[in-house]
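Take a look at the letters that make up each chain.
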Amino acid sequence: MLRLTINGQAQSFSGDPNMPLLWFLRDTLDLKGTKFGCGVGICGTCTVLMDGEAHHACMVSMAHAAEHDIETIEGLVQQNHVLLHAWIEQQVPQCGYCQPGQLMTAAALLNLHRNPSDEQIQRAMSSVLCRCGTYQRIRRALATAVQLNTNTLPDLVKKYPELNPSPSKPSVRLDDWIRISTDGSVTLIINHAEMGQGVVTGLAMLMAEELDVELNRVRTEFAPASPVYRNPLFNEQTTGGSTSIRGEWRHLRLVGAKARWRLVEAAAQTWQVAHNECRTQNGTVYHDPSQRSLGYGELAPLSEQIQAPATVALKHPDSFRLLGYSQRRLEIPLMVTGRTEYGADIRLPNLLHASIVRRPTPDSDIQTMDIKAAKSVEGVIDVVSISNGVAVLANSTWAAILGRNQLSLTWQEYYGDRVNNDHYQSFLLDALRQPGKVVRQHGNVQQVLKNADRIIEATYKTSFLAHATLETTNCTARVDKNRCDVWLGTQSQEGAHIKAAQISGLPKHQVHIHSTFLGGGFGRRLESDCVVDAVELAKLCGKPVQVLWSRADDMQHDFYRPAHATQLKAILDAQGLPVAWWQRSSGADMALQMVSMPYDIPNYAEERIVLESPLPVGAWRSVGAGQNAFMVEGFMDELAHAAGADPLEYRLRLLSDAPRSRTVLQYAAEKARWGSVLPDNCYQGIAHYECFGSRVAQVVELSVEDQNILIHRIVCAIDCGRCINPDAVIAQIEGAVIMGLSAALKEQVLFENAMVTQANLADYPILTFAEFPEIDVYIVPSEEPPGGVGEPGLPPVAPAVANAIYAATGKRLRKLPLRF
């Protein structure tokens with residue numbers, strides 16, 4: 001019997017002494033604030049304190065933990081720890097999945113150093129990764145924590161109502177979107193995935209603005225799968241393309257306005273006064289002439305019987321009190337305290353845990369299989385073959401993992417014409433020798449090229465990228481005779497619904513999708529492959545099953561951002577301005593989309609050559625814009641230097657018909673003091689791109705030492721139209737810059753025979769705390785309709801870095817990741 005103390009309470013354990021502490025915390029004690037991210041001690045999401053020092057719980061065996069004091073994020077909450085207050089004050093989390101690990105690491109740091117130095121912070125915090133890129137806010141939160149007076153901190157749970165939910169009150173359902181409780185609180189149904197972009201709060205703000213209710217009175221629930229909740233821009237219930245706010249900008253305001261009209265009409269009928277004699281404020285209807293008032297909770301039952309007119313007036317933006325002003329995100333207190341429920345946190349009665357040895361490739365067949373050792377593992381219930389491989393079913397996560405490790409499998413594989421990285425890059429370049437399909441053109445590029453004395457040419461290339469979300473792919477399902485329930489974090493409730501119905505064999509109305517928060521998405525959660533695993537297993541064994549992918553599964557069975565190549569040619573006139581631009585791109589179709597060309601060039605042609613990808617491909621943050629910005633803005637910089645012109649002034653001369661692009665470029669350049677004297681060996685590069693309805697410009701400041709690229713500062717300006725929650729916009733741009741830097745400097749998927757060779761975050765490194773630069777974000781004021789925010793901040797990063805590298809070294813790097 002092993003004994004240890006966890007969050008001040010004595011605990012005992014009599015199982016496998018080699019089991020990682022992580023699974024004792026999560027599966028036995030139900031302390032799910034400690035997260036699984038990699039299982040090999042790299043990502044840090046499972047960090048806990050052992051005798052006050054930071055340890056990765058996935059690497060601490062129960063034998064090692066015995067006789068020690070363990071503290072988890074739940075323990076910090078018990079203490080009302082200053083870091084929790086600082087994290088909320090600085091609005092640190094995005095998806096929130098890594099934040100318990102970040103907080104525990106920070107707590108260990110403050111245990112050692114009450115006022116840590118930058119070097120101490122950097123060293124400590126680099127042990128925890130954040131795919132959302134919250135590093136800059138973490139640094140600010142640590143500074144805040146040092147300054148806060150711990151003796152005067154309010155009780156965290158009492159301060160934030162999200163952490164202390166009151167018992168359910170009777171409520172009235174006004175429509176598919178809004179319920180109002182007798183206490184006046186309002187519940188909004190959220191039809192989009194929350195994966196760090198802050199849409200739970202943003203969408204609540206749209207509704208609350210028109211309903212005229214305080215934001216802290218709004219509760220949220222994720223929508224079920226239903227056509228009612230489809231994304232208006234896609235006509236599908238899906239979250240992607242930076243469309244959540246754009247799609248709901250008018251719709252949810254109308255939802256709030258119509259509900260408000262009904263509540264006012266209910267008050268007017270109650271008082272027998274005219275509708276227009278009443279006004280609303282903070283969840284109450286007032287009749288000033290008679291000095292009477294009624295709260296929304298009192299009026300809800302009558303308003304349920306009242307129908308709003310087909311059209312109601314929306315507020316003029318001048319009267320907005322929420323929209324356009326930074327609001328605290330409603331979901332952050334839960335994230336900071338480890339209480340947010342992600343897909344991997346679902347627990348059901350009689351739940352079985354599954355770990356799957358997946359087919360190396362879709363056409364791989366089992367050649368030999370020996371399951372005896374796997375079935376002999378204590379806790380393993382069964383070993384079964386399924387569509388995507390062989391699954392070990394067990395009564396705990398650890399038993400499932402052990403059983404999987406004991407499986408003896410060999411595969412019959414059919415390599416065919418499969419290639420590796422280098423072969424595919426050659427295919428991309430070879431394809432550019434053939435004519436492509438012309439998708440856009442004006443003027444007569446070929447005639448200008450034919451008569452040109454000098455043609456400027458270049459070829460740009462990008463690599464496959466993995467999503468590397470810190471929450472690995474997972475899904476939980478329960479299938480009965482007449483009902484199928486599926487729990488997961490998904491960007492496509494509709495896709496998951498369709499897939500679950502197909503596998504369960506039940507009609508759609510008997511299939512129910514329960515959405516959770518996502519520990520990162522970036523396009524990966526648009527896919528429903530894990531739904532197939534979970535529903536198939538739950539149907540097969542008659543019990544609820546949770547499928548949790550290992551980090552290797554997640555890395556090697558992704559839907560990757562595709563690689564591509566682009567050949568470009570341009571002709572300059574006597575003034576050095578381009579009179580012709582020709583480009584031909586090859587790669588998977590997804591990589592060839594979203595080419596933005598705002599520049600005034602009289603002769604232009606764009607060709608595409610669609611090639612089959614050797615790896616599965618899918619949406620990756622910013623989709624094709626992230627790749628095509630690299631080649632458009634890189635080549636534009638080459639033209640500026642060929643013309644002997646300043647890269648900023650050169651672009652501005654070509655943007656006479658694109659005033660928003662001109663403004664955002666000028667804004668970023670002014671804030672970055674473009675052209676001013678820089679410190680020795682520091683150089684600037686600039687780029688901008690238009691995508692998802694927004695424009696973003698960035699100026700990068702860097703130095704190059706012994707071929708090491710050191711990024712010092714990135715200044716960003718965004719015109720996203722009318723801004724809903726400015727601080728959330730800034731956070732998204734900060735995160736997009738970090739992810740863009742990671743992709744530009746570090747990331748590349750490697751494969752042999754169409755099988756990815758990387759298995760963890762050591763093989764596929766992403767940007768760490770020690771590597772993030774100072775990031776300054778500026779929002780350009782605009783009265784245009786809202787544009788996207790989550791994705792537009794990423795595309796300009798790579799070209800701005802490459803352009804700055806050229807300024808520093810005179811070397812033009814045209815392949816991602818950037819290497820000398």
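Going by the structure above, here's the rest.
Along every chain, residues carry numbers that run from 1 in the direction the sequence is written. This being a predicted model, a pLDDT of at least 70 is required before a residue's local features are given, and a value of 80 or more before pairs of side-chain atoms are given or counted; all residues contribute to the totals for chains, interfaces and linings. Excluding hydrogens and water, the side-chain figures rest on all heavy atoms present in the structure.

## Remarks on the pairing of strand 16 (residues 389-394)
Next up, step 1: Burial of strand 16 is extensive: six of the six residues sit out of reach of the surface.
Next up, step 2: Bridge count for strand 13 (residues 352-358) against strand 16 is six bridges, and the pairing is antiparallel. Looking across to strand 16, one finds that Val357 is bridged to Val390.
Next up, step 3: At least two bridges found by DSSP between two strands are what make those strands a pair. Secondary structure elements are defined from DSSP: runs of H or I of at least 4 residues count as helices, runs of E of at least 2 residues count as strands, and each element is numbered from the N terminus. In terms of strand pairing, strand 15 (residues 380-386) meets strand 16 through six bridges, oriented antiparallel. From the neighbouring strand, Val380 faces strand 16, where its bridge partner is Ala394.
Next up, step 4: Once strand 15 ends, the chain turns through two residues before running back antiparallel as strand 16. Relative accessibility decides the category of a residue: with a 1.4 Å probe and only protein chains considered, values under 20% of the type maximum give buried, values over 50% give exposed, and everything between is partly exposed.

## Looking at the pattern of salt bridges
Think of it this way: side chains of opposite charge can pair up when their charged atoms draw near.
Next up, step 1: Each salt bridge in this description consists of a side-chain nitrogen of Lys or Arg and a carboxyl oxygen of Asp or Glu lying within 4 Å of one another. Tallied over the full model, the rule gives 42 salt bridges.
Next up, step 2: Ionic pairing is found between Arg347 and Asp27, a salt bridge with its closest N-O pair at 2.9 Å. Of this pair, Arg347 sits in the loop between helix 13 (332-336) and strand 13 while Asp27 is found in helix 1 (residues 21-28), placing the two residues 320 residues apart along the sequence.
Next up, step 3: The exposure class assigned to Asp27 is partly exposed, which follows from its relative accessible area of 25%.
Next up, step 4: One salt bridge connects Asp727 with Arg137, and the closest N-O pair in it is separated by 3.0 Å. Taken together, the positions of Asp727 in helix 24 (residues 726-745) and Arg137 in helix 7 (residues 135-147) put the pair 590 residues apart, joining distant regions of the chain.

## Thoughts on the sheet that holds strand 18 (residues 437-442)
Next up, step 1: The sheet built from five strands is open, its strands ordered 18-26-25-24-19 with mixed pairing. What marks the edges here is a single partner per strand, and that holds for strand 18 and strand 19 (456-462). Neighbour-to-neighbour, the strand axes of this sheet turn through a mean angle of 10°, independent of strand direction.
Next up, step 2: Where strand 24 (residues 564-572) and strand 25 (residues 578-587) come together, nine bridges link them in antiparallel fashion. Among the inter-strand pairings, Leu568 is bridged to a residue of strand 25, identified as Gln583.
Next up, step 3: Against the sheet, helix 21 (residues 623-642) contacts strand 19, strand 24 and strand 25, and its axis sits at roughly 155° relative to strand 19. Axis lines are fitted to C-alpha atoms, over the contacting stretch for helices. Their N-to-C directions set the angle, which ranges from 0 to 180 degrees. Contacts are assigned to residue pairs that have any heavy atoms within 4.5 Å of one another.

## Details of the environment of Gln281
Next up, step 1: Tracing the chain through its elements places Gln281 in strand 10 (residues 279-281).
Next up, step 2: As for Gln281 and Ile609, which are separated by 328 residues in sequence, their C-alpha atoms are 58 Å apart.
Next up, step 3: When near neighbours in sequence (up to four residues on either side) are disregarded, Gln281 contacts Asp212 and Tyr286.

## Points about the packing of helix 21 against helix 25 (residues 797-809)
Next up, step 1: Taken N-terminus to C-terminus, the directions of helix 21 and helix 25 make an angle of 30°; their axes are 8 Å apart at the nearest point. Put simply, helix 21 runs roughly parallel to helix 25. Note on packing geometry: the crossing formed by helix 21 with helix 25 is right-handed. Seen from helix 21, the contacting residues are Ala629, Phe630, Glu633, Gly634, Asp637 and His641; seen from helix 25, they are Ala798, Pro799, Ala802, Asn803 and Tyr806.
Next up, step 2: Split by residue class, the contact of helix 21 with helix 25 holds six nonpolar, three polar and two charged. Oblique is the label for any angle not covered by the other classes, which are roughly parallel (under 35 degrees), roughly antiparallel (over 145) and roughly perpendicular (65 to 115). In a left-handed crossing the near helix is turned counterclockwise from the far helix by less than a right angle, and in a right-handed crossing that turn is clockwise. In the scheme used here, Gly and all other residues not listed as nonpolar or charged are polar, with Ala, Val, Leu, Ile, Met, Phe, Trp, Tyr, Cys and Pro taken as nonpolar and Asp, Glu, Lys and Arg as charged.

## Focus on the packing of aromatic side chains
Next up, step 1: Here a pair means two rings of Phe, Tyr or Trp (six-membered ring of Trp) with centres within 6.5 Å. Their orientation is stacked below 30 degrees between planes, edge-to-face above 60, and tilted elsewhere. Counting across every chain of the model gives twelve aromatic pairs.
Next up, step 2: Residues Tyr97 and Tyr342 carry aromatic rings whose centres are separated by 5.1 Å and whose planes lie at 85° to one another, so their mutual orientation is edge-to-face. With Tyr97 in the loop between helix 4 (82-89) and helix 5 (99-112) and Tyr342 in the loop between helix 13 and strand 13, the pair connects residues that are 245 residues apart, well separated along the chain.
Next up, step 3: Among the residues examined, Tyr97 registers a relative accessible area of 1% and is labelled buried.
Next up, step 4: Of the residues examined, Tyr342 reaches a relative accessible area of 1% and is grouped as buried.
Next up, step 5: Geometrically, the ring pair formed by Phe222 and Phe517 is edge-to-face, given 5.0 Å between the ring centres and 75° between the ring planes. A residue pair is termed long-range when its members are at least 10 positions apart, and Phe222 in strand 9 (residues 218-222) and Phe517 in the loop between strand 22 (511-515) and helix 19 (529-541) qualify at 295 residues.

## Considerations on unusual backbone geometry
Next up, step 1: The linkage connecting Leu816 with the following residue, Pro817, adopts the cis geometry, with an omega of -5°.
Next up, step 2: For Pro817, the position within the fold is in the segment after helix 25.
Next up, step 3: A positive phi angle, near 50°, is found at Asn282, a position not held by glycine.
Next up, step 4: Among the secondary structure elements, Asn282 is positioned in the loop between strand 10 and strand 11 (284-287).
Next up, step 5: In this structure, Asn350 takes a positive phi of about 65° despite not being glycine.
Next up, step 6: Position of Asn350 relative to the elements: it lies in the loop between helix 13 and strand 13.

## Focus: the packing of helix 4 against helix 5
Next up, step 1: The interhelical angle for the contact between helix 4 and helix 5, taken along N-to-C directions, is 130°, at an axis separation of 10 Å. Considered as vectors, helix 4 and helix 5 are oriented oblique to each other. Here helix 4 runs over helix 5; the crossing is right-handed. For the pair helix 4 and helix 5, contact is made by Leu83, Leu84 and Trp87 and by Gln99, Gln102, Leu103, Ala106, Ala107 and Leu110, respectively.
Next up, step 2: Considered class by class, the residues forming the contact of helix 4 with helix 5 number seven nonpolar, two polar and no charged.

## Quick look at the sheet that holds strand 22
Next up, step 1: In space, the seven strands of this open sheet follow the order 15-16-13-23-20-21-22, with mixed pairing throughout. Strand pairing shows two members of the sheet lacking a second neighbour, strand 15 and strand 22, which therefore form its edges. Averaged over all neighbouring strand pairs, the angle between strand axes comes to 20°, with direction disregarded.
Next up, step 2: Packed onto the sheet, helix 15 (residues 397-406) meets strand 13, strand 15, strand 16 and strand 23 (545-548) and runs at close to 25° relative to strand 13.

## Some details on empty space enclosed by the protein
Next up, step 1: We place a 1 Å grid over just the protein atoms. Points where a 1.4 Å probe fits but has no way out form a cavity, open points with protein on both sides within 12 Å along at least 5 of 7 lines form a pocket, and any residue with an atom within 4 Å of a point lines it. Grid points are joined across faces, edges and corners, and a volume is the space filled by probe spheres set on the points. Scanning all chains against the criterion turns up six cavities of 30 Å³ or more.
Next up, step 2: Empty space within the largest cavity amounts to approximately 110 Å³.
Next up, step 3: In this structure, the largest cavity is lined by Glu471, Thr473, Asn474, Leu488, Gly489, Arg524, Arg525, Glu527, Ser528, Asp529, Cys530 and Val531.
Next up, step 4: No other element matches the three residues that helix 19 contributes to the lining of the largest cavity.
Next up, step 5: Of the residues assigned to the lining of the largest cavity, the class counts are three nonpolar, four polar and five charged.
Next up, step 6: A volume near 90 Å³ is recorded for the second largest cavity.
Next up, step 7: In terms of lining residues, the second largest cavity is bounded by 14 residues, among which Pro93, Arg329, Asp727, Ala728 and Ala731 are the most central.
Next up, step 8: Ranked by the residues each element gives to the lining of the second largest cavity, the list is headed by helix 24, at four residues.
Next up, step 9: Residues belonging to the lining of the second largest cavity are distributed by class as follows: three nonpolar, eight polar and three charged.

## A look at helix 18 (residues 493-504)
Next up, step 1: For a helix, the expected span equals 1.5 Å multiplied by the number of residues minus one. Across its twelve residues, helix 18 extends 16 Å between first and last C-alpha, which sits within 8% of the 16 Å expected from 1.5 Å per residue.
Next up, step 2: Buried within helix 18 are the following residues: Gln493, Glu494, Ala496, His497, Ala500, Ala501 and Ser504. The buried residues of helix 18 occupy an angular sector of 160° when the element is viewed end-on, so they sit on one face.
Next up, step 3: Lining the buried residues of helix 18 we find strand 20 (474-479), strand 21 (484-488), strand 22 and helix 19.
Next up, step 4: Gly505 sits one or two positions beyond helix 18 and adopts a positive phi of about 75°. In this description, one arc is meant: the one made by directions from the helix axis to the C-beta atoms.

## Digging into the nonpolar core
Next up, step 1: Side-chain atoms within 4.5 Å are what join buried Ala, Val, Leu, Ile, Met, Phe, Trp, Tyr and Cys residues into a set we call a nonpolar core. Core analysis: the biggest nonpolar cluster contains 194 residues, and Trp87, Ile178, Trp581, Val801 and Leu818 have the highest contact counts within it.
Next up, step 2: Those residues in contact with Leu818 that lie beyond four places of it in its chain are Phe630, Ile709, Ala744, Leu745, Ala798, Val801, Ala802, Ile805 and Leu813.
Next up, step 3: With 29 residues, the next largest nonpolar core counts Val511, Cys530, Ala538 and Val545 among its residues.

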